[in-house]
Amino acid sequence: MEDFLANLALADEEEEAFQEDAAVIDQNLQLYLVGRCLTDSIVHFPSLRNTMADLWHPIRGICILYLGERHFLFQFFHEVDIRKVLVGTPWFFNNHLLLLHRIQFGKNLSLVPLTFNEFWVQVHDLPSGLMSESLAKQFGEFLGQFLEYDTSIRSVNSHSFMRIRVQLNVVVHLKRKKKVMVGPDRIFYAQFQYEKLSLFCFICGKLGHGESFCPVRTRIDPEKIVFGWDISILAVARRRSVSASQWLREVDGVDSKWIEKEGEFQGDFSGILENSGNFRRNDWGHFHKNPNFTLGELIVRQEKLV
Ligand SMILES: [Zn+2]
């Protein structure tokens, strides 16, 4: 009889459930990104794993698995870490765009659309009176899918421009400009410049390969190939110069007069802008030693995370 009562008591205790917040479990299950390198080249997975972990250095760490066919699974362990990575896109490995998509645990990975990625696009050559959120949305929808209008940065070298966050389909060519009509007869052409653009083909206007590997070459006589895109679609450098602090001294004790270059948006194209006809794919690596990090982007990222 005592054993029977003890068993009943035990059963009651076992049935008393611990109460956990469902949101905690749901959140943990959503801390995954699936990624794909936009390249036909072989991707060295150990290098990618180390490089991206070092770049992102998540506070709670990261687990990266190879899924095959240049696809990867990134598991984060805190919302802050995964959000930091998503806000900072686009990311690159060895100059190859790393397409990222947030997934939910249990979803079929083969159904994840890995042909889209977010970019910041600058819209130039418009009169300041035309710069509005409604027009920014129209441009965003024309380029891909409009996500955000950044009103914090409006000028580089005193030239005004709009800056919009857009989700682009990397399978189609990048758009260069858009005609804007004001009233019956005033016409403007908005010019698009893409920030953090990496390996790009100036023949077909697509990301992921250079001119030497463009499929168009197999269909057109080499003599008749036209470069339909030029470096004007690359966002021009935005350099910051910082005067030395009055407290700083050189090793010999004199005032520190030097000016430190703090960072740049994209790379310094000032030299090749004057002679863009000579710019070829081989020059690319020189101007994109590390497309992942620029000061401007770091500032924006920090602002978003606050
Ligand atoms: Zn091409």
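What counts and what doesn't
- All residue numbers refer to positions counted from 1 along the written sequence of the respective chain.
- Note on the predicted model: pLDDT of at least 70 is required for a residue's local features to be given, and 80 or more for side-chain atom pairs to be given and counted; whole-chain, interface and lining totals, by contrast, use all residues.
- Counting from the N terminus, the helices are the DSSP runs of H or I reaching at least four residues and the strands are the DSSP runs of E reaching at least two.
- To sort residues by exposure, count the other C-beta atoms lying within 10 Å of each residue's C-beta; 20 or more gives buried, 12 or fewer gives exposed, and values between give partly exposed, all with C-beta atoms placed from the backbone.
- What counts as a contact is two residues whose backbone-derived C-beta atoms lie within 7 Å of each other.
- UniProt positions are given in the numbering used here, feature names are shortened, and annotations may be inferred rather than shown by experiment.
- By definition, two strands form a pair when at least two bridges between them are found by DSSP.
- The angle between two axes is taken between their N-to-C directions and runs from 0 to 180 degrees, where each axis is a line fitted to C-alpha atoms and a helix contributes only its stretch in contact.
- What a helix is expected to span follows from its residue count: subtract one and scale by 1.5 Å.
- The predictor reports its confidence for every residue as pLDDT, a score running from 0 up to 100.
- In this usage, the nonpolar core is the set of buried Ala, Val, Leu, Ile, Met, Phe, Trp, Tyr and Cys residues whose C-beta atoms join them within 7 Å.
- Domain start and end points were adopted from an automatic or database domain assignment.

In the annotation of an unreviewed UniProt entry, the entry for the protein reads CCHC-type domain-containing protein, and the organism field reads Gossypium aridum.

J.: Could you clarify how one ought to interpret the overall build of the protein in this entry?
T.: Scanning the protein from terminus to terminus reveals eight helices and 14 strands. The buried share of the protein, reckoned over its 306 residues, is 24%. By sequence separation, contacts in the protein at least 24 residues apart represent 64% of the contacts at least 6 residues apart.

J.: What should I look at first to understand the UniProt feature "domain: Zinc knuckle CX2CX4HX4C" (unreviewed entry) in the protein in this one?
T.: Sites flagged by UniProt as "domain: Zinc knuckle CX2CX4HX4C" (unreviewed entry) map to residues 178-215. Summarising residues 178-215: 0% helix, 37% strand, and an end-to-end C-alpha distance of 26 Å.

J.: Got a minute to help me understand the sheet that holds strand β12 (residues 186-194) in this structure?
T.: Strands pair in a sheet through their backbones, by hydrogen bonds, and they do so in one of two ways: parallel or antiparallel. Reading across from one edge, β7-β10-β6-β12-β11 is the order of the five strands in this open sheet, with antiparallel pairing throughout. The open sheet is flanked by β7 (145-150) and β11 (177-182), the only strands paired with a single partner. When strand polarity is set aside, the average angle formed by the axes of neighbouring strands in this sheet is 30°. Relative to β12, strand β6 (residues 116-124) is paired through four bridges, and the arrangement is antiparallel. Bridge pairing in β12 places V121 opposite Y194.

J.: Is there a simple way to think about helix α1 (residues 2-15) in this case?
T.: Every α-helix winds through 3.6 residues per turn, so residues three or four apart in the chain are directed the same way. Taking 1.5 Å of rise per residue, 14 residues should cover 20 Å, and α1 covers 20 Å from first to last C-alpha, within 8% of that figure. The buried fraction of α1 amounts to zero of the 14 residues, a small share that puts the element mostly on the outside.

J.: Help me understand the confidence of the model for the protein in this model?
T.: Detailed reading of the predicted coordinates is not advisable wherever pLDDT falls low. When pLDDT is averaged across the protein, the result is 78; 73% of the residues are at 70 or more. Confidence drops under pLDDT 50 across residues 258-288; counting only partners more than four residues distant or on other chains, this segment forms 57 contacts.

J.: Help me understand unusual backbone geometry, please; the structure alone is not making it clear to me.
T.: Residues T89 and P90 are joined by a peptide bond in cis, for which omega reads 10°. Along the chain, P90 turns up in the loop between α4 (79-87) and β4 (91-93). The residue H57 is not glycine, and still its phi comes out positive at about 25°. Its location among the elements puts H57 in the loop between α3 (45-56) and β2 (62-68).

J.: I tried to follow the pairing of strand β10 (residues 162-169) on my own but got confused; where do I start?
T.: Within a regular beta strand, the side chains point alternately toward one face of the sheet and then the other, so they alternate between its two faces. For β6 and β10, the ladder comprises eight bridges, and the chain directions are antiparallel. Counted as the bridge partner of Q122 is R163 from β10.

J.: Which parts of the structure should I look at to understand the sheet that holds β4?
T.: A sheet is described by the order of its strands in space; here five strands give the open sequence β2-β3-β1-β5-β4, paired in antiparallel fashion. Single-partner strands in this sheet number two, and they are β2 and β4. Along the sheet, successive strands turn relative to each other by an average axial angle of 30°, direction set aside. Pairing between β4 and strand β5 (residues 96-103): three bridges, direction antiparallel. Looking across to β5, one finds that W91 is bridged to L98. The sheet strands contacting α3 are β2, β3 (71-76) and β4, and the helix crosses β2 at an angle near 150°.

J.: Quick question: what am I supposed to make of the nonpolar core here?
T.: Nonpolar side chains in soluble globular proteins generally cluster together in the buried interior. By size, the foremost hydrophobic cluster in this structure holds 48 residues, and its most contacted members are L97, L98, V121, V123, I164, F192 and Y194. Viewed by domain, this core spans two of them, domain 1 (12-111) and domain 2 (116-239 + 265-305), each represented by three or more residues. Not counting chain neighbours up to four residues away, the residues in contact with V123 comprise F139, F161, M162, I164, A190 and F192.

J.: Sorry if this is basic, but what is going on with the environment of S212 here?
T.: Along the chain, S212 falls in the loop between β12 and β13 (240-243). By C-beta crowding, S212 is classed as exposed, having 11 other C-beta atoms within 10 Å.

J.: How should α3 be read in this particular structure?
T.: In this model α3 runs 16 Å from its N-terminal to its C-terminal C-alpha over twelve residues, within 8% of the 16 Å that 1.5 Å per residue would give. Of the residues one or two after α3, H57 is the one with positive phi, at around 25°.

J.: For this particular structure, what's the right way to read the pairing of strand β1 (residues 32-37)?
T.: Of all the six residues making up β1, five are buried; the element is thus mostly covered by neighbouring parts of the structure. With five bridges joining them, β1 and β3 adopt antiparallel strand pairing. Looking at the pairing, L33 lines up with F74 of β3. Here β1 runs beside β5; their pairing, made up of six bridges, is antiparallel. Within the sheet, the bridge partner assigned to G35 lies in β5 and is L100.

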